Amino acid sequence: MDLDEVADRLYALPPSEFTAARTAEARAAKDAGDVRLSREIERLRRPTVSAWAVNRLAREHPAELGELLDVGERLRAAWQEQDADALGELAQRRGEVAARVGRLARQQGDLSAAAGTEVDQTLDAALVDAGAAAEVRQGRLVKPLQYSGFAPAPIPRAPVSRRKRSAEEKAEDEAAQARAREEAEARKARERQEAEAAHQEWLRELEAARTEHDERAEKVATLEKKLGKARKKLEEARQRLEVTQREERHARQRLER
């Protein structure tokens, strides 16, 4: 057993089953004498619902997800080559495939609207970023992915007059500034959303830890109560033994006379 095998099993589970399964896997590794593996397993984080939905896509619908990632790879190549024709064709293809795969994730996971949005953001990130695509394909996401970069498509330009070009350049500058503001606002919103998701995750972990602590404390209290009764019975048995020994000694002395 190694970390990859354990991670594959754990990240295939719904988030509600992850913590208990992780504890069992870590205990099994420790019982087998592999303390380092046990600690590595304990450090694995529970996935959010949206991350689990994408992980499930990678396992149960690899062909559909692979089609989406292939479109992303071709899009990145078109951006690199500034191929306007290919970008136009792939942009339409991207929308169709992303919508289909997104519906798959929602149907199989019964996701909330917020989780569905996070799935879409993760798929978008995989489309435009090779590193994100590799993470999605592996199927071990812990949280949704986001891409804040900008990948411009080439826009063919026809010759225009100097005055018209100047007006267009001004319009482009204003549009670029507007996009920058929108991206900054979107980035802040995403960071806030990630912070809230992380807080909610740790709240769930805290609740699970409290429940486990209370259960174990109750067991310890029960055992201590039983131990107290057992000690009392032991003391009674000791006193009885002393009395019995004393009476036996007296009886033996009378017999010897």
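Rules behind the numbers
Residues numbered from 1 in each chain as written. Predicted model: local features only at pLDDT ≥ 70, side-chain atom pairs only at ≥ 80, totals over all residues. Heavy atoms only, no water. Helix = DSSP H or I, 4+ residues; strand = E, 2+ residues; numbered from the N terminus. Buried < 20%, exposed > 50% of the residue type's maximum accessible area, 1.4 Å probe, protein only. Contact = heavy atoms within 4.5 Å. Areas by Shrake-Rupley, 256 points an atom, 1.4 Å probe, with all protein chains shown as cover. Patch = residues over 30% accessible without salt bridge, like charges linked within 9 Å, V, L, I, M, F, W, Y side chains within 5 Å. Salt bridge = Lys/Arg side-chain N within 4 Å of Asp/Glu carboxyl O. Lys, Arg positive; Asp, Glu negative; His and termini not counted. Charge placed at Lys NZ, Arg CZ, Asp CG, Glu CD. Core = buried A, V, L, I, M, F, W, Y, C linked by side-chain atoms within 4.5 Å. Arc of directions from axis to C-beta. Expected span 1.5 Å × (residues − 1). Phe/Tyr/Trp six-rings, centres within 6.5 Å; stacked < 30°, edge-to-face > 60°. pLDDT = per-residue confidence, 0-100.

**Comments concerning the overall build of the chain**
1) Next: Regarding its fold elements, the chain presents nine helices and zero strands.
2) Next: Shown N-terminal to C-terminal, the secondary structure of the chain runs as helices and strands in the order α-α-α-α-α-α-α-α-α.
3) Next: Split into buried and exposed, the 257 residues of the chain put 27% on the buried side.
4) Next: Counted over contacts in the chain with a minimum sequence separation of 6, partners at least 24 positions apart contribute 69%.
5) Next: Carbon together with sulfur atoms contributes 51% to the accessible area of the chain, which is approximately 17500 Å² in total.

**Notes on a negative patch on the surface**
1) Next: On the surface, Glu207, Asp214, Glu215 and Glu218 cluster together into a patch of negative charge.
2) Next: Take Glu218: it is sitting in helix α9 (residues 162–256).
3) Next: Given a relative accessible area of 56%, Glu218 falls into the exposed group.

**Description of the nonpolar core**
1) Next: Counting residues in hydrophobic clusters, the biggest one holds 32 residues, and the most contacted among them are Leu65, Leu68, Val119 and Val136.
2) Next: Looking at this core, the elements that each hand over two or more residues are α4 (49–60), α5 (62–81), α6 (84–109), α7 (113–128) and α8 (130–138).
3) Next: Each residue touching Val119, except ones within four places of it in the same chain, is listed here: Ser50, Ala53, Val54, Ala105 and Leu111.

**Topic: a positive patch on the surface**
1) Next: Positive charge collects at one region of the surface, where Lys225, Lys226, Lys229 and Lys233 lie side by side.
2) Next: Tracing the sequence through the fold places Lys233 in helix α9.

**A closer look at helix α3 (residues 35–42)**
Residues that lie three or four places apart on an α-helix share one face, since the helix turns once every 3.6 residues.
1) Next: Leu37, Ser38 and Ile41 are the residues of α3 that are buried. For α3, the buried positions fall inside an angular range of 105 degrees around the axis, keeping them on one side. Pointing more than 90 degrees away from the buried face of α3 are the exposed residues Arg36, Arg39 and Glu42.
2) Next: Contacts from the buried residues of α3 go to α1 (3–10) and α2 (15–31).

**Overview of α7**
1) Next: With 16 residues, α7 ought to run about 22 Å at 1.5 Å a step, and its terminal C-alpha atoms sit 23 Å apart, in line with that.
2) Next: By the burial criterion, the buried members of α7 are Ala115, Gly116, Glu118, Val119, Thr122, Leu123, Ala125, Ala126, Leu127 and Val128.

**A closer look at the packing of aromatic side chains**
1) Next: Evaluated as defined, the whole model comprises one aromatic pair.
2) Next: For the pair Tyr11 and Phe18, a centre-to-centre distance of 5.3 Å together with 40 degrees between the ring planes defines the contact as tilted. Side by side, Tyr11 and Phe18 carry an identical accessibility label, which is buried.

**Concerning the environment of Asp34**
1) Next: Relative to the helices and strands, Asp34 is located in the loop between α2 and α3.
2) Next: Once the C-alpha coordinates of Asp34 and Asp2 are considered, the two residues, 32 residues apart in sequence, prove to be 9.7 Å apart.

**Things to note about the confidence of the model for the chain**
1) Next: Summary statistics for the chain give a mean pLDDT of 83 and a share of 84% for residues scoring 70 or more.
2) Next: In the model of the chain, α9 stands out as the element of lowest mean pLDDT, 76, in contrast to α2, which has the highest, 95.
3) Next: In this model residues 151–160 is a low-confidence stretch, pLDDT under 50, and it forms 14 contacts with partners more than four residues away in sequence or in other chains.

**Topic: the pattern of salt bridges**
1) Next: Taken as a whole, this structure holds 14 salt bridges when the rule is applied.
2) Next: A salt bridge links Arg140 to Asp8; its shortest N-O distance comes to 3.1 Å. With a gap of 132 residues between them, Arg140 in the loop between α8 and α9 and Asp8 in helix α1 connect regions that are remote in the sequence.
3) Next: Note on Asp8: relative accessible area 35%, which makes it partly exposed.
4) Next: In this structure, Glu25 and Arg9 form a salt bridge, with 2.9 Å as the shortest nitrogen-oxygen distance. Here Glu25 is found in helix α2, whereas its partner Arg9 is found in helix α1, with 16 residues between them in sequence.
5) Next: Counted as one network, the salt bridges with shared partners bring together Asp4, Asp8, Arg59 and Arg140.

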